[in-house]
Amino acid sequence: MALTALEIYKHLPKTNCRECGFPTCLAFAMQLAAKRASLDQCPYVTEEAKAALEGASAPPMRLVTVGAGDKKKLEIGNETVLFRHEEKFYHPLGIAIEVRDDLPDEEVEARVKYIDGLKFERVGTEIEVDLVAVRNASGDPERFRAVVEKAHRLSRFPLILISGDPEALRGGADAAKDGRPLLYAANKDNWEQVGTIAKEFGCPLTVYGEDLEELAELTQKLLGMGVQDLVLDPGTRHPREALERLTLMRRLALKKNFRPLGYPTIAFTNGGDPYAEAAEASVYVAKYAGMLVLQNAETWQVLPLLTERYNIYTDPQKPIQVEPGVYEVGEVTDTSPVLVTTNFSLTYYTVAGDVEASRVPSYIIVVDTEGTSVLTAWAADKFTPEKVAEMLNERTDIKDKVRHRKVVIPGLVAVMTAKLREESGWDVLVGPRESSGIPKFLKAWAV
């Protein structure tokens, strides 16, 4: 049972040394009770206290790592909240694309290479899938091992090995052992065999239960074997039931500190209609899959899911920002236009995209507004004539890059024109109110 802050405080040294990063031992105890701190942050805690507080200091959801060596490592779990407005989510779910072992070798190779190339850019950040899931659809352990070897050799991603045959899982685990694949899955019938394989090869293991009681019972049995890195399958492929179970598992782990379900989860989409599959997948991205396995992998399916994940797993208290400074779009010259905007990523990349669409090479001056948009920054005194003038004359070398002294400001802040002209000595031109008007505006400039 979870301990209160005062119960934890009784076991701490009460020195208020601040070496843990908190002002007092009581403050540290409160963070431990809330699962927002780790007991090893205290340098003076006794062994007796460690033993007494072991349960209180352990995170409510275990952190599990898939991948090793030269494979991209994926960490899932170790979340502390149900909703991102309480505190950010820390470990984005891993998205896997399935490869069946009953495909011909050339199709297997082509699909693995295709999955490796599923990479996109979102507001200056590269987003991509994370895993390749190899399914033993053939039922042949030898064929499964051969396809696992091929996928392991060709892909930079770690693997999920999916088979109901312990013999096939053993062969696959042996073929990809230096990449630390995730094994799928232990169930009520094979948990001892599959648990032994996971322990032997040091692989994380998925646990499948028909219901949450069975799932909790299996995790305890596997823990007793010494298998600790577990991923839980909610045991249903019906989207509504899966959502209900994923949510309940998250609540039990975080709110009730129910250790048998304190692990990250995995969800599988149903094949068939690709539109229905994309919609189903979007539900699991939001609540509360730690991994998601897709059967289809068209770019129009994958990109929205990666974008959804990117948006959900950013810190809601820290807007996505670009570095302030001078950015060049196209082959600029000393007569190119100079535009000013804020350092909110979405604002900057929208402006940059419209400047690029105009085909007029231009400079963009990005002002540090702490990641806020133009009107928000103006209202909060973060996008001021003084700041813009400082960027034009002192903090950048734009004066040395252009012969003219003309700067274009967003039309939404036209009110700063006179003051900016006075502060900077530049001629101030008022641009369009909306970024979509930039191409027409710049083409007129070029003429």
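Model, not experiment: these values are computed from the prediction.

### As for the side chain of T396
Now for step 1: Mapping T396 onto the fold places it in the loop between α14 (385-395) and α15 (398-401).
Now for step 2: Separated by 2.5 Å, the side chain of T396 and the backbone oxygen of M391 make a polar contact.

### Let's talk about empty space enclosed by the protein
Now for step 1: Counted according to the given criterion, the structure contains two cavities of 30 Å³ or more.
Now for step 2: Quantified by volume, the largest cavity comes out at close to 130 Å³.
Now for step 3: Taken together, 18 residues line the largest cavity, and the ones lying closest to its centre are M61, R250, P264, T265 and Y288.
Now for step 4: Counting residues per element, the lining of the largest cavity draws most heavily on helix α9 (residues 239-254), at three residues.
Now for step 5: As for the second largest cavity, its lining consists of L12, P13, T15, N16, C17, R18, C20, F22, T24, C25, F28 and C42.
Now for step 6: Of the residues belonging to the lining of the second largest cavity, the class tally is eight nonpolar, three polar and one charged.

### Focus on the environment of Y114
Now for step 1: Residue position: Y114 is located in helix α4 (residues 105-116).
Now for step 2: Spatially, the C-alpha atoms of Y114 and A297 are 9.1 Å apart, while their sequence positions differ by 183 residues.

### Details of a nonpolar patch on the surface
Now for step 1: Together, L6, L26 and M30 give the surface a local cluster of nonpolar side chains, amounting to about 290 Å² of exposed area.
Now for step 2: Along the polypeptide, L26 turns up in helix α2 (residues 25-33).
Now for step 3: Exposure remark for L26: the relative accessible area of 34% places this residue in the partly exposed category.

The rules behind each value
Residues numbered from 1 in each chain as written. Predicted model: local features only at pLDDT ≥ 70, side-chain atom pairs only at ≥ 80, totals over all residues. Heavy atoms only, no water. Helix = DSSP H or I, 4+ residues; strand = E, 2+ residues; numbered from the N terminus. Polar contact = N/O pair within 3.5 Å; in protein donor to acceptor, adjacent residues only side chain to side chain. 1 Å grid on protein atoms, 1.4 Å probe; cavity = no way out; pocket = protein on both sides within 12 Å on 5 of 7 lines; lining within 4 Å. Points joined across faces, edges and corners; volume = space filled by probe spheres on them. Nonpolar A, V, L, I, M, F, W, Y, C, P; charged D, E, K, R; others polar. Patch = residues over 30% accessible without salt bridge, like charges linked within 9 Å, V, L, I, M, F, W, Y side chains within 5 Å. Areas by Shrake-Rupley, 256 points an atom, 1.4 Å probe, with all protein chains shown as cover. Salt bridge = Lys/Arg side-chain N within 4 Å of Asp/Glu carboxyl O. Buried < 20%, exposed > 50% of the residue type's maximum accessible area, 1.4 Å probe, protein only.

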